[in-house]
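Reading the structure
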Amino acid sequence: MMAQRSKTATPRAQLRTLGLRAGLVALLLLPAFFGGYPLFLATEGLLLGVAAAALSFLMGHAGIASLGQAAFLGLGAYTLGLALKAGWPLGGALFLAFLVAALYGLLTGLLVFRAQGIFVLMLTLAFAQMVYSAAFKWTALTGGDDGLSLSGMALNPVLLHGAALVLLLLVLGFLGHLLRTPYGKTLEAIRQNEEKARALGVPTFFYKLSAYTLAGGLTGLAGAGLVLHRSFVSPHDLFWLTSAVLVVMVLLGGARGLWGAAFGAVLYVFLQAWVSSLTDLWGLFVGLLLILSVLYAREGLWVLLEKRVGGGGGRA
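Since we're looking at a predicted model, the values are computed, not measured. (Residues numbered from 1 in each chain as written. Predicted model: local features only at pLDDT ≥ 70, side-chain atom pairs only at ≥ 80, totals over all residues. Heavy atoms only, no water.)

**Quick look at the overall build of the protein chain**
Across its full length, the protein chain holds 15 helices and two strands. For 316 residues, the compact-globule formula gives about 20 Å, and the C-alpha radius of gyration of the protein chain, at 20 Å, lands near that figure. Overall, the protein chain is about 70 × 50 × 40 Å in size when its C-alpha atoms are taken along their principal axes. Taken across its 316 residues, the protein chain has 50% of its residues classed as buried. Across the protein chain, the fraction of contacts at a sequence separation of at least 24, relative to all contacts at a separation of at least 6, is 78%. Summed over all atoms, the accessible surface of the protein chain reaches about 15200 Å², with 70% contributed by carbon and sulfur. Seen as two clouds, the 20 positive and the 10 negative side-chain charges of the protein chain have centres 15 Å apart. (Helix = DSSP H or I, 4+ residues; strand = E, 2+ residues; numbered from the N terminus. Rg over C-alpha atoms; globule rule 2.2 N^0.38 Å. Buried < 20%, exposed > 50% of the residue type's maximum accessible area, 1.4 Å probe, protein only. Contact = heavy atoms within 4.5 Å. Areas by Shrake-Rupley, 256 points an atom, 1.4 Å probe, with all protein chains shown as cover. Lys, Arg positive; Asp, Glu negative; His and termini not counted. Charge placed at Lys NZ, Arg CZ, Asp CG, Glu CD.)

**Quick notes on helix H4 (residues 69-85)**
Between the first and last C-alpha of H4 there are 25 Å, a value that for 17 residues agrees with the 24 Å anticipated at 1.5 Å per step. With 15 of 17 residues buried, H4 is to be regarded as a mostly interior element. Gly 87 lies just past H4 and shows a positive phi near 95°. (Expected span 1.5 Å × (residues − 1).)

**Let's talk about unusual backbone geometry**
Although it is not a glycine, Ser 231 sits at a positive phi angle of roughly 60°. Inspection of the secondary structure puts Ser 231 in the loop between helix H11 (204-230) and strand E2 (232-233).

**Here we look at the packing of aromatic side chains**
All chains considered together, the criterion is met by 13 aromatic pairs. Measuring from centroid to centroid gives 6.4 Å for Tyr 37 and Phe 40, while their planes differ by 15°, and the two rings are stacked. With a gap of three residues between them, Tyr 37 and Phe 40 both fall in helix H3 (residues 36-61), about one helical turn apart. What makes Phe 40 partly exposed here is its relative accessible area of 34%. Between Phe 206 and Tyr 207 the ring centres are 5.5 Å apart and the planes differ by 75°, which places this aromatic pair in the edge-to-face class. (Phe/Tyr/Trp six-rings, centres within 6.5 Å; stacked < 30°, edge-to-face > 60°.)

**Considering the nonpolar core**
Residues Phe 57 and Leu 80 are the most contacted members of the largest nonpolar core, which totals 95 residues. Sort the elements by how many residues they give to this core and H11 lands first, with 13 residues. Residues in contact with Leu 80, not counting those within four places in the same chain, are Leu 90, Ala 93, Leu 94, Ala 97, Leu 150, Ala 224, Val 227 and Leu 228. (Core = buried A, V, L, I, M, F, W, Y, C linked by side-chain atoms within 4.5 Å.)

**Concerning the environment of Leu 55**
Within the secondary structure, Leu 55 sits in helix H3. Exposure remark for Leu 55: the relative accessible area of 0% places this residue in the buried category. Along the sequence, Leu 55 and Pro 89 sit 34 residues apart, while their C-alpha atoms lie 28 Å from each other. In this structure, Leu 55 is in contact with Gly 60, Ser 66, Gln 69, Leu 246, Val 247 and Val 250, ignoring residues within four places of it in sequence.

**Things to note about a nonpolar patch on the surface**
The grouping of Leu 281, Leu 284, Leu 288, Ile 291, Leu 292, Leu 295 and Tyr 296 at the surface amounts to a nonpolar patch, some 760 Å² of accessible area in total. Residue Tyr 296 is classed as exposed on the basis of its relative accessible area of 64%. (Patch = residues over 30% accessible without salt bridge, like charges linked within 9 Å, V, L, I, M, F, W, Y side chains within 5 Å. Salt bridge = Lys/Arg side-chain N within 4 Å of Asp/Glu carboxyl O.)

**Here's the deal with the environment of Gly 283**
Position of Gly 283 among the secondary structure elements: in helix H14 (residues 282-296). Owing to a relative accessible area of 53%, Gly 283 belongs among the exposed residues under this scheme.

**A short note on the packing of H3 against helix H9 (residues 182-192)**
How two helices sit against one another is set out by the angle between their axes and by the gap between those axes. Taken N-terminus to C-terminus, the directions of H3 and H9 make an angle of 55°; their axes are 9 Å apart at the nearest point. When the interaxial angle is binned, H3 and H9 end up oblique. For the pair formed by H3 and H9, the contact residues are Phe 57, Met 59, Gly 60 and His 61 on the first element and Tyr 183, Leu 187, Glu 188 and Arg 191 on the second. Of the residues contributing to the contact of H3 with H9, the split by class is four nonpolar, two polar and two charged. (Axes fitted to C-alpha atoms, helices over the stretch in contact; angles between N-to-C directions. Parallel < 35°, antiparallel > 145°, perpendicular 65-115°, else oblique. Nonpolar A, V, L, I, M, F, W, Y, C, P; charged D, E, K, R; others polar.)

**Things to note about the side chain of Thr 43**
Within the secondary structure layout, Thr 43 lies in helix H3. A relative accessible area of 1% means that Thr 43 is categorised as buried. A distance of 2.9 Å separates a polar side-chain atom of Thr 43 from the backbone oxygen of Leu 39. What Thr 43 contacts, discounting residues up to four positions off in sequence, is Leu 160, His 161, Ala 164 and His 229. (Polar contact = N/O pair within 3.5 Å; in protein donor to acceptor, adjacent residues only side chain to side chain.)

**Structural notes on the confidence of the model for the protein chain**
Any residue range with low pLDDT should be treated as having predicted coordinates unsuitable for detailed reading. Scored by pLDDT, the protein chain has a mean of 89; 94% of the residues are at 70 or more. Within the protein chain, the element-level pLDDT minimum falls on helix H1 (residues 2-29), averaging 71, and the maximum on helix H5 (residues 90-112), averaging 97. Confidence drops under a pLDDT of 50 for residues 1-9, and excluding neighbours within four residues, the segment shows zero contacts in the predicted structure. (pLDDT = per-residue confidence, 0-100.)

What follows is the structure, given as structure tokens:
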């Protein structure tokens, strides 16, 4: 009898989860009708949601903690900006941004994943700070502290918002599908017990490296979108605080769910804008919010919202 109840409840839970996701998409479409600052914030949240989903894929499903995501964002942004200034078409520049960020992930990952535990976190941070320093000093290419401007190449804000939403949905769909494949299940096994997976013959180094490379490329794509959105990128975007903010977004929404991470990014962007307009104590507010999340919503606010709605279901 109990088994029968759980079987009949599952489709209903999945339907409610889909309804919740559809509601979030609908809310993110609304700023396109208002324009102005709400549209700017929504587009910012969508693009950072792509980077947060990629980090959730790493942290929550592959078990890879990273404080170096700012390097991927910055490399993608600078690559796209320089490619457009050199006369590349937008499609080619976006692909190049993905490729450069993914290549950086591949090359640094070859060294990063020779370490274990906290040392992986420190190595990702160290490599990212090296990229930040190079961008700051290489003024002939990056503009140094003045940054790189794309003010003459601004896109239609509504069109860019729609493209950002489509990109986020594609990334969520792709990563969600990937996690349901044998590849994704193997990543989960590595996250739960890497030594046991290695003892069973799983090439854990390859799996972690491939996940890191993929997440890096997707984060670089998000960075490329951000430079189109902001029409500007500077070395400060590569500083480690940007990586820390992405981690906060993921933890806020839920590290074990891709939709949760994207929700955390959008929520963070709007909360920051709102609280900053009221007080300068934004950092204090973030700290209190994280403390409350840890105490009362350890799985993330998105999972808490799913349970309130009654969905409680799928994480991806």
